[in-house]
Amino acid sequence: MSEHQENIRNFCIIAHIDHGKSTLADRLLEYTGVLSAREMEDRILDNMDLERERGITIKARAVRLIYNARDGQRYVLNLIDTPGHVDFNYEVSRALAACEGAALVVDAAQGIEAQTLANTYLALDHGLELVPVINKIDLPSARPEHVKKEIEDVIGIPADESPLISAKQGVGIEEVLEQIVKTVPAPSGDADKPLKALIFDSYYDSYKGVIIYCRVFDGSVKPGSKIKLMATGKVFEVVEAGYLSPNGMVASDGLQAGEVGFVAASIKNVADTNVGDTVTTVEHGAAEPLPGYKQVNPMVFCGIYPADGARYDDLRDALGKLRLNDASLSFEPETSVALGFGFRCGFLGLLHLEIIQERLEREYSLDLVTTAPGVVYKIIKNNGETAEIDNPTNLPSPSEINYMEEPVVSAAIMTPADTVGNIMELCQERRGVFKDMKYLDESRVSLTYELPLNEIIYDFFDALKSRTRGYASFDYELIGYRKATLVKLDILLNAEVVDALSFIVHTDKAYERGRKICEKLKAAIPRQLFEIPIQASIGSKIIARETVKAMRKDVLAKCYGGDITRKKKLLEKQKEGKKRMRQVGAVEVPQEAFMSVLKLDE
Amino acid sequence: MSNGIYIHIPFCVKKCAYCDFNSYDNLDGLKQPYTEALLREVAARLPAAYDTIFIGGGTPTALPAASLLRIVSAVAREGCEFTVEVNPATLDRGGFAALKDAGVNRISFGLQSALEDELAVLGRIHTFADFLRSYRDARDAGFGNISIDLMFSLPGQTLDKWKRTLHSAAALSPEHLSCYSLTIEEGTPFHAMRLDLPSEEEDRQMYRYAAEYLQRLGYRHYEISNFARDGYQCAHNLKYWERTPYYGFGAGAHSLTGGTRYANSREVRQYISANAVTETVLSATDIENEYIFLGLRKTDGIRLAEYRALFGAEFTEKHAAALRNYQGLYAVDDGRFRLTLDGICVSNTILCGLMT
């Protein structure tokens with residue numbers, strides 16, 4: 001059994017976004033012959049449509065590779081793909097917990113970026129061995145020696161033996177595999193101990209029920225085993241177990257200590273399997289579960305409503321299925337006067353929110369309306385009670401509030417030295433507190449700021465990119481709560497408060513935000529038979545106002561010549577459009593209007 | 001009222017930049033075969049009884065005079081209102097006389113604007129002077145029923161410019177005037193251009209000015225865009241709005257008979273070689289919706305008793321909920337339901353609320 005484990009390497013690839021992680025994964029698959037060249041499709045591990053289009057990896061994914069190394073041995077390499085974006089650190093740490101090592105891919109032209117560091121620290125926290133890989137050496141601007149030095153200086157790990165590769169052109173791939181075999185330790189589990197397998201992912205298959213992706217640390221699991229999921233205590237009988245090929249699951253006679261693969265056990269209920277939970281056997285089970293993952297709390301919240309109220313149940317089921325392998329997603333039912341029945345959902349960040357929203361729309365054909373994202377505020381009341389608010393509607397009356405606290409993050413921004421002024425200005429606008437500035441080399445700077453989370457969830461990253469010609473990179477972590485003067489801003493349409501548009505904002509920002517939202521709504525709400533005032537208010541005080549003028553002209557001038565079908569279709573289309581609008585009091589509000597307030601800088 | 005006859009001529013000398021009608025300025029070679037195909041269709045489908053005829057386009061007078069006269073003769077009948085659309089400068093004095101002799105008794109001129117700069121923007125081939133000459137020729141030939149088409153809300157147009165066009169046309173005392181607000185149709189050159197168009201407010205100023213001015217001169221505003229002296233409402237066009245049966249001939253022509261709509265092949269070559277008729281049987285809902293949205297184009301609206309007889313319900317009761325939102329935009333009088341001028345200006349919104 002130990003001989004078996006000797007030849008296993010469990011590793012993942014970590015990198016800053018766009019440094020070539022997924023391309024390297026493709027090359028590794030190709031090189032080890034898991035896929036024939038004919039089957040090779042770019043970015044094979046990114047098999048969600050959304051991932052391909054956005055060019056990012058959202059979900060961790062695993063695949064088994066067979067590599068005949070130069071030492072004459074045959075190795076089983078389990079590659080777990082990870083996302084690079086800050087919002088998905090949680091996914092990264094899930095993958096890391098299942099591995100003994102990580103290939104750290106760094107772009108030879110760009111060098112270390114914010115997420116390179118963030119992911120490196122995560123990997124080191126998990127005790128992983130790192131294999132630095134310098135990618136994109138085919139670029140004219142590549143400076144591999146410089147990047148090697150940067151890795152040694154900034155991260156502090158030796159990089160002189162780093163493979164210099166071009167994943168795009170397939171250069172240096174064998175060297176990466178050799179380094180992984182050499183540097184990443186073999187798993188050291190005990191196959192004779194009670195079963196301990198870490199669930200690092202799962203998904204729902206309509207025929208087989210919940211499929212668990214796991215890493216077996218100790219013991220073994222095979223078809224017929226009676227297993228217990230330690231967090232929920234639920235018991236199941238294994239129907240199938242095996243490893244993961246890029247084309248799907250390949251059943252085998254079971255999984256041994258050190259191996260990575262899947263288990264299917266006719267698990268019908270999505271809620272029974274928690275990612276991060278430990279699988280053991282019913283008989284002679286493990287006494288203690290594996291450490292699991294650090295519980296990640298959602299930081300960004302918004303309301304999600306079905307555009308068609310009749311699809312509320314579909315939305316609930318879809319959220320349940322997505323949550324199955326995305327523990328960082330939370331949702332609870334809520335109701336809005338303007339939008340009806342929906343859910344208050346929690347996310348790790350704005351990208352996470354957008355991804356979930358798009359997945360709901362694409363994979364479950366749901367038409368959604370989302371409300372402005374917000375964060376969790378702490379309310380300290382005059383009577384000494386404290387409350388946490390993730391929905392502005394639940395904010396107690398100002399007379400009950402002693403003070404409020406908002407979440408603050410520590411943000412690391414890496415940027416070309418000549419853009420530091422722009423970044424400082426941006427952080428200043430966003431109520432940032434300067435903490436530190438370090439020169440990475442003569443032309444690149446690392447800045448540390450403390451920023452209120454609610455200042456970065458809207459469009460901070462976009463603003464950062466546009467002020468640095470796209471060169472800045474950014475990562476953040478929550479550092480705690482801080483007292484702030486915050487107010488609830490309400491939006492009134494035709495003198496009625498629209499609950500779905502209320503949000504909490506810093507006093508200094510209230511006027512500007514109120515004004516911008518009124519402008520956006522004015523542009524998004526079509527003229528109607530009467531004039532519609534749009535107002536922003538704090539309590540009873542109106543701080544901004546726009547007006548949608550009454551409609552003056554909505555008529556088909558010409559209707560003769562016998563062909564009335566086209567005119568009839570125009571009217572039917574208009575009528576259909578009206579049906580899709582939300583009735584807020586007497587005002588018909590298009591779904592898009594609710595969304596338009598989300599992107600105020602456009 | 002009896003049936004109506006519509007004949008479509010899909011040719012013009014030069015296609016205008018705003019026009020999305022089924023008409024072409026590059027199919028001259030098809031004029032002869034088209035005439036033959038059209039005459040065959042007329043021979044095959046002309047109903048026994050009818051009392052209005054309308055030859056439209058395109059530009060009917062873009063056909064060679066002999067061809068147009070063969071078509072006119074094929075359908076002309078005693079006692080009909082017989083209209084031919086004419087673009088200024090496409091027919092000479094002799095041409096008008098020939099039409100008159102063949103049985104045509106109403107001319108509809110596409111003038112659009114009296115101002116040269118606006119005519120140029122629209123892509124019209126005539127000048128205002130051309131129009132005046134044609135108008136005189138038509139009168140000289142004995143036409144006692146003439147309509148003039150005008151357009152407002154044109155690129156760069158102001159209320160003052162619109163007044164000049166309107167005044168110039170009205171000064172001729174035509175029996176009938178149509179004033180159309182320019183609609184930018186998809187697929188036209190105008191749609192692709194960045195035009196300096198009047199605002200909704202200016203558009204409605206022009207519209208209201210025309211309505212008020214023409215009524216002062218004794219014209220009755222009888223449909224959204226149409227004005228006539230007493231006895232000169234276009235009986236043919238009223239059939240479209242009152243759902244009286246009509247038979248359309250030619251490429252893309254539509255017919256309504258016995259609760260079914262028919263459409264000829266729109267493509268001219270297709271029509272000539274093998275016309276394929278598309279048939280749409282109307283449901284009860286379709287018929288009621290059509291009745292409402294066509295009937296309310298007329299300023300005197302729909303007859304409540306007729307609605308009750310046709311659809312078995314009281315109009316105002318059935319639509320009571322919707323009507324509450326439209327106070328001041330409609331009126332119920334003389335047993336009729338009609339939209340007021342304010343209501344007509346936003347009639348699409350109201351119709352959406354009244355159609356099922």
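Residues numbered from 1 in each chain as written. Chains lettered and ligands numbered in written order. Predicted model: local features only at pLDDT ≥ 70, side-chain atom pairs only at ≥ 80, totals over all residues. Heavy atoms only, no water.

Turning our eyes to something else, we now look at the pattern of salt bridges. All chains considered together, the criterion is met by 59 salt bridges over all chains. Across the salt bridge formed by K438 of chain A and D436 of chain A, the nearest N and O atoms sit 3.8 Å from each other. The partner of R243 of chain B in a salt bridge is E290 of chain B, and the shortest N-O contact between them spans 2.8 Å. With a gap of 47 residues between them, R243 of chain B in the loop between α9 (235-242) and β9 (246-249) and E290 of chain B in helix α11 (residues 284-295) connect regions that are remote in the sequence. Just as R243 of chain B is buried, E290 of chain B falls in that class too. Among the ionic contacts, a cluster of salt bridges with common partners joins E406, R431, E455 and K509 of chain A. (Salt bridge = Lys/Arg side-chain N within 4 Å of Asp/Glu carboxyl O. Helix = DSSP H or I, 4+ residues; strand = E, 2+ residues; numbered from the N terminus. Buried < 20%, exposed > 50% of the residue type's maximum accessible area, 1.4 Å probe, protein only.)

All right, on to the confidence of the model for chain B then. Across chain B, pLDDT averages 96, with 100% of residues at or above 70. Across the assembled chains, the prediction reports ipTM 0.90 with pTM 0.70. (pLDDT = per-residue confidence, 0-100.)

Further remarks concern the environment of E129 of chain A. All names here are of chain A. The residue E129 is located in strand β5 (residues 129-135) in this model. Between the C-alpha atom of E129 and that of V184, which follows or precedes it by 55 residues, the distance is 5.8 Å. Once residues lying within four places of it in the same chain are set aside, the contact partners of E129 are E100, G101, A102, T183 and P185. (Contact = heavy atoms within 4.5 Å.)

All names here are of chain A. Read across the open sheet, the 8 strands follow the order β10-β9-β15-β6-β7-β14-β11-β12; overall the sheet is antiparallel. Every interior strand has two partners, whereas the edge strands, β10 (235-237) and β12 (248-251), have only one. Put simply, the sheet's adjacent strands are angled 40° from each other on average, direction ignored. In the sheet, strand β11 (residues 240-245) pairs with β12 via 4 bridges, with the strands oriented antiparallel. When the bridges of β12 are listed, Y243 appears paired with V250. (Pairing = 2+ DSSP bridges. Axes fitted to C-alpha atoms, helices over the stretch in contact; angles between N-to-C directions.)

Moving on, we come to the pairing of strand β17 (residues 330-336) of chain A. Residues and elements named next belong to chain A. For β17 and strand β18 (residues 340-347), the ladder comprises 7 bridges, and the chain directions are antiparallel. Across the sheet, residue F331 finds its bridge partner in β18, namely C345. From the end of β17 to the start of β18, which pair antiparallel, there are 3 residues.

Turning next to the interface of chain B and chain A. Taken together, the contacts link 41 residues of chain B with 25 residues of chain A. Interface of chain B and chain A: buried area, both sides summed, is about 3,200 Å²; carbon and sulfur atoms make up 57% of it. Per-residue buried area on chain B facing chain A is highest for E200, N348 and C352 of chain B; these three make up 19% of the total on that side. If you look at where chain B meets chain A, you find 5 salt bridges. A salt bridge links R566 of chain A to D20 of chain B, with the nearest nitrogen and oxygen atoms 2.8 Å apart. The interface formed by chain B and chain A holds 18 residue pairs in polar contact (both at pLDDT 80 or more) in total. For the side of chain B that touches chain A, the elements supplying multiple residues, two or more each, are β6 (176-181), α8 (200-216), α9, α11, α15 (341-345) and α16 (347-354) of chain B. By residue number, the principal contributor to the side of chain B that touches chain A is α16 of chain B, which donates 5 residues. A per-class count over the side of chain B that touches chain A returns 19 nonpolar, 10 polar and 12 charged. (Buried area = accessible area lost by both parts, 1.4 Å probe. Polar contact = N/O pair within 3.5 Å; in protein donor to acceptor, adjacent residues only side chain to side chain. Nonpolar A, V, L, I, M, F, W, Y, C, P; charged D, E, K, R; others polar.)

Let's shift gears to the packing of aromatic side chains. When we look at a pair of aromatic rings, we describe it by the centre distance and by the angle of the planes. Throughout the structure, instances matching the rule amount to 29 aromatic pairs over all chains. An angle of 80° between the planes, with centres 5.6 Å apart, marks the rings of F434 of chain A and Y449 of chain A as edge-to-face. Of this pair, F434 of chain A sits in strand β23 (residues 433-439) while Y449 of chain A sits in strand β24 (residues 444-452), placing them 15 residues apart in sequence. Judged by its relative accessible area of 3%, Y449 of chain A falls in the buried class. With centroids separated by 5.6 Å and ring planes inclined at 15°, the aromatic side chains of Y209 of chain B and Y213 of chain B adopt a geometry described as stacked. Of this pair, Y209 of chain B and Y213 of chain B both sit in helix α8, 4 residues apart, which is roughly one turn of the helix. (Phe/Tyr/Trp six-rings, centres within 6.5 Å; stacked < 30°, edge-to-face > 60°.)

This brings us to the sheet that holds strand β14 (residues 330-333) of chain B. Taking strand neighbours across the sheet as the criterion, the 3 strands line up as β13-β15-β14 (chain B) in an open arrangement whose pairing is antiparallel. At either margin of the open sheet sits one strand with a lone partner, and together these are β13 (302-303) and β14 of chain B.

Overall, the prediction assigns chain A a mean pLDDT of 87, with 92% of residues at 70 or greater. Long-range and interchain partners of residues 56-60 of chain A, a stretch whose pLDDT sits below 50, account for 34 contacts in this model, where long-range means more than four residues apart.

Attention now moves to unusual backbone geometry. Residue and element names in this part refer to chain B. Residue G58 is bonded to the preceding G57 through a cis peptide linkage, with omega at 25°. Mapped onto the elements of the fold, G58 is located in the loop between β2 (52-57) and α2 (65-75). Even without glycine at this site, D334 takes up a positive phi of about 55°. Counting through the fold element by element, D334 comes out in the loop between β14 and β15 (336-339). In this structure D334 comes out as exposed when scored by relative accessible area, which is 76%.

Here we come to helix α11 (residues 460-467) of chain A. Residues and elements named next belong to chain A. Inspection of α11 places F460, A463 and L464 among the buried residues, and these make up the whole buried set. The buried residues of α11 all sit within an arc of 100° when viewed along its axis, so they share a single face. Away from its buried face by more than 90 degrees, α11 exposes D462 and S466. Of the surrounding elements, those touching the buried residues of α11 are β22 (401-416), α10 (420-429), β24 and β25 (473-484). Immediately beyond the C-terminal end of α11, within one or two residues, lies R469, with a positive phi of roughly 55°. (Arc of directions from axis to C-beta.)

Glancing now at the pairing of strand β7 (residues 209-218) of chain A. Residue and element names in this part refer to chain A. Burial within β7 is extensive, with 9 of its 10 residues counted as buried. Bridging between strand β6 (residues 196-205) and β7 involves 9 bridges; their strand directions are antiparallel. Each bridged residue has a counterpart across the sheet, and for K196 the counterpart in β7 is D218. Pairing geometry for β7 and strand β14 (residues 260-267), over 6 bridges, is antiparallel. Its bridge partner lying in β14, C214 is registered against G261.

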